[in-house]
Amino acid sequence: MDFVEVRVQAPRELADILVAELAEVGYDTFEDNDEGFCAYIGEGDFNPDAVAEVMSRYEGLGELGYEHRVITRQNWNAEWEKNFQPLIIADRVSVRAPFHEKPEGLEYEIVIMPRMSFGTGHHETTALMIENQLDIDHAGKRVLDMGCGTGILAIMAVHLGAKEVLAVDVEPWTVENAADNAAENNCTNIECRLGGVEVLEREAPFDIILANINRNVLLEDMHAYAALLPQGRPILFSGFYQEDLSKIEAEATKHALVYQSHRTKNNWVSAIFTKL
Ligand SMILES: C[S@@+](CC[C@H](N)C(=O)[O-])C[C@H]1O[C@@H](n2cnc3c(N)ncnc32)[C@H](O)[C@@H]1O
């Protein structure tokens, strides 16, 4: 599988809305840069007209431009290895690749090779989810990680003591990558599964649910997640902006999920709800 990178030049105030619009037409991996951001999609799903249409809606609102190129899977991995910097989240969690030096004195260490998957920890939503996870008792818990990407949140859950984790994603290469990362981190209790909400049909309830996806998927699939959460248990959402929190909360209320708290960074949100 090869990928298309769409490199968008856009002012900061337009970048967020463009990311949301591109996410709606199938882009699911984004990377900020000084000029704007890059969005990625599998080559087979790339439609230049869809990008042109999104961009045309914002014409005249700022300095906008975009170009695209195809990146082979092999080149992607090489580029990623060149660019990925290790990072520390909440002064407690190190996220690095196997070829980075191991930092000393941190409580938790996550080693990932994200390849084409989302979830290096550099995106605000991933870091916010991890910060929220640190506040939740995972010991002995059964956890669902919906939209697992690299599996970073699933690995964090195991490091925090989770008994077992089901990590699910709709992208085949992502599920493969999450399984590799689980092995790299010696997390033998993570099961990685390909699919969407339909693969949860016969699942027993989970003690904790993590779902960093996007606003529309969360609104659509929240009923199914909520049905798998027993009373008093937490569900952590991310992948949406502050202005969407009220929509997420309104949908959550329909499924007996009660707002507890949220964190934000650069307008992104990760919120905790519990089942009534
Ligand atoms: C924002 S990334 C989050 C990755 C990782 N969990 C993290 O926190 O960094 C969202 C992931 O959700 C996946 N996804 C998109 N739609 C989905 C759906 N309907 N059900 C499950 N996963 C989905 C994407 O393929 C992508 O890997």
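Keep in mind that this is a model prediction, so the values were computed, not measured.

**Structural notes on the overall build of the chain**
And then number 1: Across its full length, the chain holds eight helices and 14 strands.
And then number 2: Over its C-alpha atoms the chain spans a radius of gyration of 18 Å, differing by no more than 12% from the 19 Å that the globule rule assigns to 276 residues.
And then number 3: Its C-alpha atoms put the chain at 50 × 45 × 35 Å along the principal axes.
And then number 4: Across the 276 residues of the chain, 53% fall into the buried class.
And then number 5: Residue pairs in contact within the chain that sit at least 24 positions apart in sequence constitute 66% of those at least 6 positions apart.
And then number 6: Total accessible area on the chain is roughly 12,600 Å²; 46% of this is exposed by carbon and sulfur atoms.
And then number 7: If you average the places of the 22 positive and of the 47 negative side-chain charges in the chain, the two averages end up 7 Å apart.

**Thoughts on the packing of helix α4 (residues 124–134) against helix α5 (residues 152–159)**
And then number 1: Contact pair α4 / α5: the axes reach a minimum separation of 10 Å and the direction vectors enclose 20 degrees. As judged from the angle between their axes, α4 and α5 are roughly parallel. For α4 against α5, the interelement crossing comes out right-handed. Of α5, the residues touching α4 (which contributes T126, M129, I130, Q133 and L134) are I152, L153, M156 and A157.
And then number 2: Each residue belonging to the contact of α4 with α5 can be placed in one class, and the counts come to seven nonpolar, two polar and no charged.

**Quick notes on the pattern of salt bridges**
And then number 1: In this structure the tally under the stated criterion is 20 salt bridges.
And then number 2: Ionic pairing is found between D135 and R263, a salt bridge with its closest N-O pair at 2.9 Å. Of the two residues, D135 is situated in the loop between α4 and β8 (142–146) and R263 in strand β13 (residues 257–265); the sequence distance between them amounts to 128 residues.
And then number 3: What makes D135 exposed here is its relative accessible area of 53%.

Conventions used here
- Residues numbered from 1 in each chain as written.
- Predicted model: local features only at pLDDT ≥ 70, side-chain atom pairs only at ≥ 80, totals over all residues.
- Heavy atoms only, no water.
- Helix = DSSP H or I, 4+ residues; strand = E, 2+ residues; numbered from the N terminus.
- Rg over C-alpha atoms; globule rule 2.2 N^0.38 Å.
- Buried < 20%, exposed > 50% of the residue type's maximum accessible area, 1.4 Å probe, protein only.
- Contact = heavy atoms within 4.5 Å.
- Areas by Shrake-Rupley, 256 points an atom, 1.4 Å probe, with all protein chains shown as cover.
- Lys, Arg positive; Asp, Glu negative; His and termini not counted.
- Charge placed at Lys NZ, Arg CZ, Asp CG, Glu CD.
- Axes fitted to C-alpha atoms, helices over the stretch in contact; angles between N-to-C directions.
- Parallel < 35°, antiparallel > 145°, perpendicular 65-115°, else oblique.
- Left-handed = near helix turned anticlockwise from the far one by under 90°.
- Nonpolar A, V, L, I, M, F, W, Y, C, P; charged D, E, K, R; others polar.
- Salt bridge = Lys/Arg side-chain N within 4 Å of Asp/Glu carboxyl O.

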